[in-house]
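Okay, here's what each chain looks like letter by letter:
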Amino acid sequence: MKYFLLILPLLPALSQADSLYTGAWSYHAWKAEHVSNSEHNLIAYEYKGIVIGKFKNSYDDDTIVLAKQFELYDNNNIRVAVNVGLTHGYRDCVHVEGPEEGKDGTTCFAMAPEISYTKYKIQPTFMILANAMTIIFKWEIK
């Protein structure tokens with residue numbers, strides 16, 4: 001319900017969105033002992049190459065993202081892109097040793113490559129961010 005309330009003010013913009021990102025389940029390649037969350041409850045949308053959204057990061061902190069998406073390859077079934085932008089909510093920008101307790105969220109540079117299987121309207125998407133490999137469901141709207 002709280003995610004519906006988050007989306008409600010965005011409904012007019014979502015009707016113009018090119019795609020909607022939901023879910024996000026991650027596997028951390030290393031330093032997983034500091035990770036407390038692998039289900040990120042991502043809700044984000046992309047419109048004309050701009051991605052904006054909210055998720056719970058791997059340390060269970062609310063995080064927002066704003067990025068520009070650059071398409072690198074598309075053959076009508078596989079699409080490769082990279083998202084370059086900012087996140088706000090991680091307690092440090094390195095994310096290697098785990099969050100520093102009591103520290104407020106900070107704004108960090110982020111770059112996340114993604115690969116999507118685009119044959120259908122619901123597109124499984126793999127994204128890499130720092131040391132986490134993530135699967136997301138991308139919903140093509142356009």
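Scroll up to find the structure.
These remarks concern the structure in this document. Within every chain, residues take consecutive numbers counted from 1 along the sequence as written. At least 70 in pLDDT is required for a residue's local features to be given in this predicted model, at least 80 for side-chain atom pairs to be given and counted, and no such filter applies to totals for whole chains, interfaces and linings, which use all residues. With hydrogens and water excluded, all non-hydrogen atoms of the structure serve as input to the side-chain values.

It is worth spelling out the state of the cysteines at this point. What counts as a disulfide here is a pair of cysteine sulfur atoms lying within 2.5 Å. Evaluated as defined, the whole model comprises one disulfide. Paired by a disulfide, C93 and C108 hold their sulfur atoms 2.1 Å apart. Across the S-S bond of C93 and C108 the torsion is about -85°, and the bridge reads as left-handed. A residue pair is termed long-range when its members are at least 10 positions apart, and C93 in the loop between β5 (78–88) and β6 (107–117) and C108 in strand β6 qualify at 15 residues. Judged by relative accessible area, which is 2%, C108 ranks as buried. For helices the rule is a DSSP run of H or I covering at least 4 residues; for strands it is a run of E covering at least 2, with both sets numbered from the N terminus onward. Burial classification: accessible surface area is computed with a 1.4 Å probe over protein chains only, and a residue below 20% of its type maximum counts as buried, one above 50% as exposed, and the rest as partly exposed.

Moving on, we get to the environment of G49. Summarising the element assignment, G49 is placed in the loop between β2 (39–47) and β3 (50–56). Accessibility expressed as a relative area gives 9% for G49, which makes it buried. Considered as a pair, G49 and N83 are 34 residues apart in the sequence and their alpha carbons are 8.9 Å apart. Setting aside residues no more than four positions away along its own chain, G49 makes contact with A67, K68 and Q69. The contact criterion used throughout is that any non-hydrogen atoms of two residues lie within 4.5 Å.

To continue, consider the nonpolar core. In this description, a nonpolar core means a group of buried Ala, Val, Leu, Ile, Met, Phe, Trp, Tyr and Cys residues linked to one another through side-chain atoms lying within 4.5 Å. Within the largest apolar cluster, 13 residues are counted, with the highest numbers of intra-cluster contacts made by Y21, L42, A44, F55, M127 and I136. Of all the elements in the fold, those that place two or more residues in this core are β1 (19–28), β2, β3 and β4 (62–74).

In terms of residue burial, β1 counts as a mostly covered element, since eight of its ten residues are buried. Pairing of β1 with β2 involves six bridges; the strand directions are antiparallel. If you follow T22 over to β2, its bridge partner there is I43. Pairing analysis gives nine bridges linking β1 to strand β8 (residues 132–140), with the strands arranged antiparallel. In the sheet register, Y21 faces β8, and the bridge partner there is K138. Any two strands with at least two DSSP-identified bridges between them are counted as paired.

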